[in-house]
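Here is how the chains run, residue by residue.
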Amino acid sequence: MLRRFPIRLSITAISAFLLPALALAQGLDGGDQVAKGLPTPRTADGHVDFSGVYHAPGYGPGDPPIRGGETIARNIARNMKPADVPLLPSGEELMRQRNATNSKDDPEGLCLPMGTPRKDPYPWKIVQTPQLFLILYEGNVHSYRQVFLDGRPHDPNVSDTWWGDSIGKWDGDTLVVDTVGLNDKAWLDLIGHPRTEKAHIVERFTRPELGRMNIEITIDDPGAYSHPWKILESSQLAPGWEIKEYICNENNRDAAHLVGK
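Everything numeric in this text was worked out from a predicted model, so none of it was measured.

Visitor: Sorry, what's going on with the state of the cysteines here?
Guide: Defined simply, a disulfide is a covalent bond joining two cysteines at their sulfur atoms. The final tally for this structure, using the stated rule, is one disulfide. Residue pairing for C111: its cysteine sulfur links by disulfide to C248, the two sulfurs lying 2.0 Å apart. Its S-S torsion of about -90 degrees marks the bond between C111 and C248 as left-handed, since a negative value means left-handed. Placement of C111 in the loop between α2 (89-100) and β2 (124-128) and of C248 in the segment after β9 (229-236) is noted, with a sequence separation of 137 residues between them. For the pair C111 and C248, one class covers both residues: buried.

As C-alpha cells, then:
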C-alpha cells in the first residue's frame, strides 16, 4: 500500500501556500500507477463500474506537473483563460473581495463542506451499486454525496444545501449526474469562484480505462455567470489506497485570528 503525505491542514490561508507542496509530496510518494490501456471494469448488469479510490484531480503520480500552484483545488478554471469564465459583474466583484482578503472567509477553511462540484487535494472513494452512486471524501469534513440511480425525480423540497440533490442516469457508458437544490454559501475553489442558489450542476462521468476517470462538469448558474460553462477534471485510480480519517476541526483551532493579509 502506498504511504500518504500525513499533513492535515484546513485553514484556507495556510492551504494556499501548502497545496503545491502537498501535490509534489504525493506525486513523489508512490509508483503504483495503473498501467495504461487496461480494460474498463463493468458491473454485473453491464454498466461501467466506477468503484475505487482515486487521487484528487491532478494529484496522481502520472499526472502532469502542477505549475505555479494552480491546482483544481485552488482554481477550478485553471485550464481556462479568465475571459472565458462568464462571470457577471456581481460575480467579478465578489471574487475581487475574496481575493483582497486572501480568501480568509472560504467556508472550507472554516471546516464547512466543500460543496458540489469542488475538489480538495485529498483522495476520494466511489462506492457503486445498481441503485446508488456514493462519493466519499477523505478531506474537508470527511463528507459524502449520494447520487440516486433508481429513476427517482429531484426532490422538490430540497433547497439551500451544500451538496445538493443529485440524481444519475446512464447515457451509454457515461453516468450523467444532475444536481440542484444548492446554497450560495459554498465557493467553487480557493480563489473564490462563486456559486449561488440558482446553480444547476451536470457532471458526466466516464472511465475510458481501468486507471482513469474523467468528469465533464457543466456549471449553469445564472446568479453568478452569464451563461453555462464547462470544465474537465481527470482522476487517476489509486490502487491499494484507502481513504483515512480526517477531522478538520482539530486543525482549525484559531480561525478567529486568521485575518488574511
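Visitor: Sorry if this is basic, but what is going on with the pairing of strand β4 (residues 144-148) here?
Guide: The side chains of a regular strand alternate, first on one face of the sheet and then on the other. Sheet topology note: the strand β3 (residues 132-137)/β4 ladder contains five bridges and is antiparallel. From the neighbouring strand, L132 faces β4, where its bridge partner is F148. Linking β3 back to β4 in an antiparallel pair, the connection comprises six residues, with N140 at a positive phi of about 60 degrees. With two bridges joining them, β4 and strand β5 (residues 165-171) adopt parallel strand pairing. The residue of β5 that forms the bridge with F148 is I167.

Visitor: Just to check I follow, could you spell out the pattern of salt bridges for this structure?
Guide: Pairing is possible between side chains of opposite charge, provided their charged atoms come close. Counted according to the given criterion, the structure contains 14 salt bridges. For D150, the salt bridge identified is with R152, shortest N-O distance 2.7 Å. On the basis of relative accessible area, D150 is assigned to the partly exposed category, the value being 34%. Overall, R152 belongs to the partly exposed group, its relative accessible area being 39%. The residue R204 makes a salt bridge to D171 at a minimum N-O spacing of 3.1 Å. Residue R204 is located in strand β7 (residues 200-209), and its partner D171 is located in strand β5; the two are separated by 33 residues in the primary sequence. Among the ionic contacts, a cluster of salt bridges with common partners joins D106, E108 and R118.

About the thresholds
Residues numbered from 1 in each chain as written. Predicted model: local features only at pLDDT ≥ 70, side-chain atom pairs only at ≥ 80, totals over all residues. Heavy atoms only, no water. Disulfide = S-S within 2.5 Å. Helix = DSSP H or I, 4+ residues; strand = E, 2+ residues; numbered from the N terminus. Buried < 20%, exposed > 50% of the residue type's maximum accessible area, 1.4 Å probe, protein only. Pairing = 2+ DSSP bridges. Salt bridge = Lys/Arg side-chain N within 4 Å of Asp/Glu carboxyl O.

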